[in-house]
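Summary of structural features
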Amino acid sequence: MPKGYRIAFLTSIDPTNKLKLSGSPYYIMKALSHYVGEVTPIGPLTLGNFFLPYLIRFFKKLPRPYNLNHSYVFAYFYARNFEKRLKGKNYDFIFAPRSSTEIALLKTDIPILYYSDTTFHSMYNYYSWFSHFCRLSEIEGNNIERLALENSKVSVFASKWAADSAVNYYQTQKNKIRIVPFGPNVDFIPTREKLDHPKSREICKLLFIGVEWERKGGQIAFETLLELKRNNIKAQLTVVGVKPPDDIYNEDLIVIPFLNKNINAESDQFNQLLLKNHFLILPTREECFGVVFCEASAYGLPSLATDTGGIPTAVVNGKNGFRFAPDARGQEYAQKIIEYFTDYDSKYIPLVQSARQYYEDTLNWESFGKAIKSIVDEFLDLKPE
């Protein structure tokens with residue numbers, strides 16, 4: 001494409017590191033470069049080590065947790081330092097992914113496009129690790145989010161769940177809100193012809209991906225494996241990214257504790273797992289979106305997940321998988337698997353094809369990039385070079 005817009009990619013983390021936020025900043029930046037314009041990273045930016053340990057030590061003494069990541073202290077630090085980095089630079093707009101604290105107090109004439117898969121309010125007391133902060137931290141966190149939304153020309157969210165929070169809780173005008181889902185955080189996308197290569201019908205292969213066994217619903221995935229076997233379905237569960245508790249054992253359980261997508265061989269191994277398994281099973285308890293659902297869909301791998309958080313945007317019932325009630329256990333998941341796996345040609349294959357189609361229509365970086373380009377054209381009324 002032509003040179004396009006001049007974009008300041010503002011985030012405090014290193015956007016070139018695929019291990020940060022599951023690689024989303026890296027792939028977002030890549031999509032913007034392809035479809036929107038010339039991208040310049042303005043991060044990473046880390047707080048000085050001189051005073052940070054003292055702050056942490058002080059706030060640890062409080063009876064309830066204080067969240068420094070959504071605090072005025074961090075917001076002020078980010079604002080002053082990013083203002084210095086932006087001073088005298090000629091950018092058409094700032095793209096700020098998952099950067100509410102970074103932009104909340106930022107003073108600049110450059111219009112800001114804020115992109116996120118969540119808000120402070122939608123995460124608070126939803127994620128177990130993001131709960132029961134002290135009252136001061138709760139107030140500051142919500143104020144930081146509100147200021148970030150007000151400071152942005154337009155706010156774009158990955159899911160309806162997050163967008164609804166911005167509108168309903170923070171009273172952001174609906175005409176300043178857009179929804180654009182993520183794409184897959186992988187470098188290799190198979191062709192449809194590659195997906196037509198038949199998988200083994202002898203063993204139903206389930207794939208579980210996540211670094212937190214409990215939060216991602218690992219126990220339910222394991223129950224599903226056992227339930228399939230009780231129903232005389234030959235099955236196998238591969239767990240990637242975490243080591244299950246010691247009492248979780250079965251001869252058909254395979255554990256791969258860690259894969260680093262920055263290493264080509266391990267990235268290839270990850271891709272092969274997406275290609276050879278029959279279902280992604282992720283009965284997660286808490287989820288803002290789940291980029292892994294985009295990756296699964298790109299590989300024609302139907303997803304089985306919980307109806308919670310931002311997942312309804314990522315997993316559409318009957319299209320690229322199925323969502324289950326939060327209280328569903330392995331028996332319910334197994335019943336759906338049996339229904340489709342035992343009717344392979346009439347039910348499973350069409351589900352594979354529709355999962356891939358949902359990727360091609362919605363859950364891809366080209367759609368993301370073109371949607372962002374359209375939003376920038378609409379809101380900023382600029383004429384890119």
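Coordinates for the structure precede this section.
Residues numbered from 1 in each chain as written. Predicted model: local features only at pLDDT ≥ 70, side-chain atom pairs only at ≥ 80, totals over all residues. Heavy atoms only, no water.

Quick word on the pattern of salt bridges
The criterion, for reference: Here, a salt bridge means any side-chain nitrogen of Lys or Arg that lies within 4 Å of a carboxyl oxygen of Asp or Glu. Helix and strand assignments come from DSSP, with helices taken as H or I runs of at least 4 residues and strands as E runs of at least 2, each series counted from the N terminus. Throughout this description, buried means an accessible area under 20% of the type-specific maximum (1.4 Å probe, protein chains only), exposed means over 50%, and partly exposed covers the range between.
Per the stated rule, a full pass over the model turns up 24 salt bridges. Between glutamate 223 and arginine 329 there is a salt bridge whose closest N-O contact spans 2.5 Å. Pair noted here: glutamate 223 is in helix H9 (residues 218–230) and arginine 329 is in the loop between strand S12 (321–324) and helix H13 (330–341), with a separation of 106 residues, a long-range link. For arginine 329, a relative accessible area of 37% corresponds to the partly exposed category.

Remarks on the layout of surface pockets
One water molecule sets the probe size; rolling that probe over the atoms shows where empty space is left. Going by this rule: The rule is simple: put a 1 Å grid over the protein atoms alone, call a set of points where a 1.4 Å probe fits but cannot get out a cavity, call an open set with protein on both sides within 12 Å along at least five of seven lines a pocket, and count a residue as lining if it has an atom within 4 Å of a point. Grid points are joined across faces, edges and corners, and a volume is the space filled by probe spheres set on the points. Note on residue classes: Ala, Val, Leu, Ile, Met, Phe, Trp, Tyr, Cys and Pro are nonpolar, Asp, Glu, Lys and Arg are charged, and everything else, Gly too, is polar.
For the second largest pocket, the calculated volume is near 420 Å³. Lining of the second largest pocket is provided by 20 residues; of these, Leu195, Asp196, His197, Pro198 and Lys199 occupy positions nearest its centre. If you tally residues by element for the lining of the second largest pocket, the top one is helix H14 (residues 344–361), at six residues. Its residues assigned to classes, the lining of the second largest pocket shows eight nonpolar, four polar and eight charged.

Comments concerning the packing of aromatic side chains
Our working definition: Any two rings among Phe, Tyr and Trp, with Trp reduced to its six-membered ring, count as a pair given centres within 6.5 Å; such a pair is stacked if its planes are under 30 degrees apart, edge-to-face if over 60, and tilted if neither. Whether a charge lies above a ring is judged from NZ of Lys or CZ of Arg, which has to be within 6 Å of the ring centre and within 35 degrees of the ring normal.
All told, the structure shown has 29 aromatic pairs when counted by the stated rule. Plain terms: the ring middles of tyrosine 124 and phenylalanine 133 are 5.3 Å apart, the flat faces sit at 40° to each other, and that makes the pair tilted. Both residues of the pair, tyrosine 124 and phenylalanine 133, count as buried. Three or more aromatic residues link up through ring pairs in this structure, and these residues are Phe120, Tyr124, Tyr126, Tyr127, Trp129, Phe130, Phe133 and Trp161. Its guanidinium or amino end placed over the ring of phenylalanine 322, lysine 336 lies 4.3 Å from that ring's centre, counting from NZ or CZ.

Things to note about the side chain of arginine 215
Put simply, the rule reads: Contacts described as polar in this section are N or O atom pairs within 3.5 Å, which, within protein, must combine one atom able to donate a hydrogen with one able to accept it, while residues neighboring in sequence count only if both atoms come from side chains. Contacts are assigned to residue pairs that have any heavy atoms within 4.5 Å of one another.
With respect to the secondary-structure elements, arginine 215 resides in the loop between strand S7 (204–209) and H9. Side-chain polar atoms of arginine 215 contact the side chain of glutamate 212, separated by 2.8 Å. Within the structure, the side chain of arginine 215 is placed 2.6 Å from the backbone oxygen of glutamate 286, a separation counted as a polar contact. Not counting residues within four places of it along the chain, the set of residues in contact with arginine 215 comprises Tyr127, Thr284, Arg285, Glu286 and Glu287.

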